Amino acid sequence: MMALFSQTSQQVFQALLWKCRMFWPVFRRQQLFAVSFSIPSREKVSYFSFVTSSSTALPADPKGTDVFPSKKRSEIDYEEEKRWDEESKEISEGGLHFSSSVGAPKKLLMSQVMSRQNFTKVQPPEKPLQAEEWNRLKESFRSPKIFETVMFNSMVRCNSPIDVAKSLLTYVAKSDGDVAYSLLVKYLALCVQQGQTSEIRDVYDIMKRRFKVIESGAYNLLIRGLSNSDQWRMALTLLEEVKKIMIPSRTNYESCIKAASRHQEMDLAFELYHEMLAKDLVPSLDVLQAFFDFSRGMKGAELQKELFGMLLHLRENQIYPHKTFMWSIKLWFESIPGGNWRGHLTNIKDSGQCPVCNHQLEDSDLTEEEYNNLREKIVRDVIHGTDPFRKTSPQEFQAFQTFVENRLPFDIVIDGLNVSHIKPTKMHCENLFDAVNCLAKENARLLVLGRKHMLTDSSNWKREIMKEIQNKADFFFAENISEDDPFLLYAALQSGKHCKFVTRDFLRDHKACLSDSLTRHLFRKWQRGHQIAFASSVEGKHIRFLPALCYDCVVQTTGDTWHIPYKDTLDEKYSYRVPRKWLCIQQKR
């Protein structure tokens, strides 16, 4: 007997569900909606997407042409994950999001969005209701047409008892003669949230019988739910199903990887990991940490080789583990049988020497050949190339080149407009004045890149203060619409290897314009050793700059030592700041 409903309600629901009239026709022009909602899991909050149709069933045609839009599977998956990231904050506050596909009328779409947003705070009942009670509740609802959708969203948000959700599905089956695909997925989400394995399997059985194609959001839920259960191998079967119709998402792979790792099947976990990389899916820090956690105390040269490879992945991609991940790495090293590894937390000296093992870290400087190669590629690909982020005329940049050549070399190049926003409570010109005063010590030659509007007397730009700043540094004022970064890169690289620069930008857009991976690697290394970071003083009144490091801030190894920079908090976003805290791991012979 299926666990989906109590015996009486289950019989009613199944009788209605398996009627042949459940396969209602679906026309290509019918509107699909992608709905995102939050599902708090036991480990962290995750976001799932699923597709609902305006009909109560979505039986795909034999070729599956009515189900998926004409985009590549990888594009669909990428956009889905991108939408999760962008909407996560609003979703966690109870918001609902609807994005149209295949061109629904805007008026209809907006009305449905507004209707749903008005009811995101509905409180579901605490106990199961009879059909008559659900009917009275629906009739008293402001917009009965979306009653079930809003109520299920609230159940997911409030983590309602499964029996309450079952009673609503039974009511819908009785009154409508069918249950919409969207409601099944919402019920599935609630089951996954609560780890109800038997219910998850029942919903999957229903979907497989009713729908020729299950879309990616439902597969995400099914794989996640089953991978966290004792029936985790079924998640692997579902992953194979997904591969036949689309590229599995990072979430699909990582759920299966964690399940295999949790059950000590590390060969399988690594196989899935490499398969994931081959599909250009970037692993999260969460799944990398899981490998180190579940490999603790295990023997094997191949295992060590795989985990060392993950550390080198962090190096090549300039990824800094957070403190929790760092501890997992440390504990794994120290648990290797017969390895004699010991880890210590430390701060590297300004000279680049580790105070624990006395090892000298890699220099952040490029060789002459590397530097000249990088400078040529920046000029070709970013400045004179097709960089879409460059917003300046050839005439203006030619004037800038002449300006720079006549004044070389500079010690520090400053993005003036960027620096002027450091402290929002102060005038922009005061921020710039403080920054220039701080950096001009020791007679450093400064170039400040500004905009022409900075010369106009205003509430943020006082003419007297600007004149005083110009006595301490060279200024180049570009047009107000011009992009600063190409100017900054050109001036800094033309000034020589000693020149540093100041901006809060990470410069990712311009790095992406470089034509090959080696040049992008050189750019990141040059940036790490030459971008000056700033931080407020203890009192918060003055600007304080952190000097650029003379050693390279990436994962490093000599074979019997590893040095791993780490951050205090979990933050996978890129930042121009490099961490100042390190884990030193030594192997005692």
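These figures come from a predicted structure and were not determined experimentally. Per chain, the residues get numbers from 1 upward, laid out in the order the sequence is written. Note on the predicted model: pLDDT of at least 70 is required for a residue's local features to be given, and 80 or more for side-chain atom pairs to be given and counted; whole-chain, interface and lining totals, by contrast, use all residues. Just so you know, side-chain values use all the structure's heavy atoms and leave hydrogens and water out.

Concerning the overall build of the chain
The helix count covers DSSP runs of H or I at least four residues long, the strand count covers runs of E at least two residues long, and both are numbered beginning at the N terminus. Helices and strands together make up the secondary structure of the chain, namely 23 helices and 13 strands. Burial analysis of the chain (589 residues in total) assigns 53% to the buried set. Across the chain, the fraction of contacts at a sequence separation of at least 24, relative to all contacts at a separation of at least 6, is 72%. Surface exposure of the chain reaches about 27,700 Å², of which carbon and sulfur atoms provide 50%. Throughout this description, buried means an accessible area under 20% of the type-specific maximum (1.4 Å probe, protein chains only), exposed means over 50%, and partly exposed covers the range between. We call two residues in contact whenever any of their non-hydrogen atoms come within 4.5 Å of each other. Only the protein chains shown count as cover for residues, with accessible areas throughout obtained via the Shrake-Rupley method and a probe of 1.4 Å.

Side note on the confidence of the model for the chain
As a general rule, the predicted coordinates of low-pLDDT regions are not to be interpreted in detail. Averaged over every residue, the pLDDT of the chain is 80; residues scoring 70 or more account for 76%. Scored between 0 and 100, pLDDT is the confidence that the predictor attaches to each residue. Here residues 1–9 is modelled with pLDDT under 50, and outside its nearest four sequence neighbours on either side it reaches 23 contacts, counting other chains as well.

Quick look at the packing of aromatic side chains
Under the pairing criterion, centres of Phe, Tyr and Trp rings, with the six-membered ring standing for Trp, must be within 6.5 Å; the plane angle then separates stacked pairs below 30 degrees from edge-to-face pairs above 60, leaving the rest tilted. All chains considered together, the criterion is met by 25 aromatic pairs. Centroid distance F475 to F477: 5.3 Å. Interplanar angle 15 degrees. Geometry classified as stacked.

Some remarks on the UniProt feature "repeat: PPR" (unreviewed entry) in the chain
UniProt positions are given in the numbering used here, feature names are shortened, and annotations may be inferred rather than shown by experiment. With numbering aligned to this structure, UniProt lists the feature "repeat: PPR" (unreviewed entry) at residues 249–283. Segment residues 249–283 splits into 74% helix and 0% strand. End C-alpha atoms: 11 Å apart.

A closer look at the nonpolar core
Residues enter a nonpolar core if they are buried and are Ala, Val, Leu, Ile, Met, Phe, Trp, Tyr or Cys, with the set joined through side-chain atoms within 4.5 Å. One finds W134, L168, M207, F291, L311, I329 and F333 to be the most contacted residues of the largest nonpolar core, which totals 89 residues. Looking at this core, the element that brings in the most residues is helix α7 (residues 181–194), giving 10 residues. When sequence neighbours within four positions are dropped, the list of residues in contact with L311 reads F292, I329, F333, V555, W562 and I564. I383, F400, F487 and L514 belong to the second-largest nonpolar core, a separate cluster that totals 31 residues.

What to know about the pairing of strand β6 (residues 446–451)
A large share of β6 lies buried, amounting to six of its six residues. Side chains L446, V448 and G450 of β6 all project onto a buried face; the interleaved residues L447, L449 and R451 project onto the opposite face, where all are buried too. For two strands to be treated as a pair, DSSP must find no fewer than two bridges joining them. Bridging between β6 and strand β7 (residues 474–478) involves five bridges; their strand directions are parallel. Note that in β7 the partner of L449 across the bridge is F476. The parallel pair β6 and β7, bridged by helix α20 (residues 463–470), forms a crossover whose chirality is right-handed. Here a crossover is taken to be right-handed if, once the strands point away from the viewer, the path from the first strand over the helix to the second is traced clockwise.

A short note on α20
The set of residues buried in α20 consists of I465, M466 and I469. In an axial view of α20, the angular spread of the buried residues amounts to 100 degrees, which keeps them on one side of the axis. Turned more than 90 degrees away from the buried face of α20 sit E464 and K467, all of them exposed. The directions from the helix axis to the C-beta atoms are what the arc is built from.

A look at the pattern of salt bridges
Where side chains of opposite charge bring their charged atoms close, a pairing between them can arise. Basic side-chain nitrogens of Lys or Arg form a salt bridge, by our definition, when they fall within 4 Å of a carboxyl oxygen of Asp or Glu. Counting across every chain of the model gives 21 salt bridges. Taking the shortest distance from any N to any O, the salt bridge between K138 and E148 comes out at 3.0 Å. On the criterion of sequence distance, the pair formed by K138 in helix α4 (residues 131–139) and E148 in helix α5 (residues 147–158) is long-range, its members being 10 residues apart. Residue classification places E148 among the buried residues on the basis of a relative accessible area of 6%.

Some remarks on helix α12 (residues 266–278)
Across its 13 residues, α12 extends 18 Å between first and last C-alpha, which sits within 8% of the 18 Å expected from 1.5 Å per residue. What α12 keeps buried is the set M266, L268, A269, F270, L272, Y273 and M276. If you follow the buried residues of α12, they end up packed against α10 (233–245), α11 (250–262), α13 (285–294) and α14 (301–316). Immediately beyond the C-terminal end of α12, within one or two residues, lies D280, with a positive phi of roughly 60 degrees. Here a helix's expected span is defined as the number of its residues, less one, multiplied by 1.5 Å.

Section: a nonpolar patch on the surface
Patch definition: residues with relative accessible area over 30% and no salt bridge; like charges joined within 9 Å; nonpolar side chains (Val, Leu, Ile, Met, Phe, Trp, Tyr) joined within 5 Å. Taken together, the side chains of W327, L331 and L345 present a nonpolar region at the surface, about 250 Å² in accessible area. Along the chain, W327 falls in helix α15 (residues 323–335). Residue classification places W327 among the partly exposed positions, given a relative accessible area of 36%.

Brief notes about the sheet that holds strand β13 (residues 581–587)
An order of β4-β13-β12-β11 is seen for the four strands of this open sheet, with the pairing classed as antiparallel. Both edges of this open sheet fall to β4 (341–346) and β11 (556–557), since each of them pairs with a single strand only. In this structure, β11 lies alongside strand β12 (residues 561–566), joined through two bridges in antiparallel fashion. In the strand pairing of β12, T557 is matched with W562.

A word on the packing of α14 against α15
Note on definitions: angles span 0 to 180 degrees between N-to-C directions of axes, and those axes are lines fitted to C-alpha atoms, for helices only across the stretch in contact. Two elements in contact, α14 and α15, have axes separated by 13 Å at closest approach and are oriented at 150 degrees. Between α14 and α15, the interaxial angle falls into the category roughly antiparallel. Helix-helix and strand crossings are classified by hand; for α14 and α15 the assignment is left-handed. Mapping the contact onto sequence places Q304, L307, F308, L311 and L314 in α14 and F325, I329, W332 and F333 in α15. Residues belonging to the contact of α14 with α15 are distributed by class as follows: eight nonpolar, one polar and no charged. The scheme is simple: roughly parallel for angles under 35 degrees, roughly antiparallel for over 145, roughly perpendicular for 65 to 115, oblique for anything else. Left-handed is the label given to a crossing in which the near helix is rotated counterclockwise from the far helix by less than a right angle, and right-handed is the label when the rotation is clockwise. Under this grouping Gly is polar, as are all residues other than the nonpolar Ala, Val, Leu, Ile, Met, Phe, Trp, Tyr, Cys and Pro and the charged Asp, Glu, Lys and Arg.

Comments concerning unusual backbone geometry
Following L408, the chain continues into P409 via a peptide bond in cis, with omega recorded as -5 degrees. As for its position among the elements, P409 is in the loop between α17 (394–405) and β5 (412–415). Despite not being glycine, D280 has its phi angle at roughly 60 degrees, a positive value. Structurally, D280 can be placed in the loop between α12 and α13. A relative accessible area of 70% places D280 in the exposed class. At N340, a residue that is not glycine, the phi angle is positive and equals roughly 55 degrees. With respect to the helices and strands, N340 occurs in the loop between α15 and β4.

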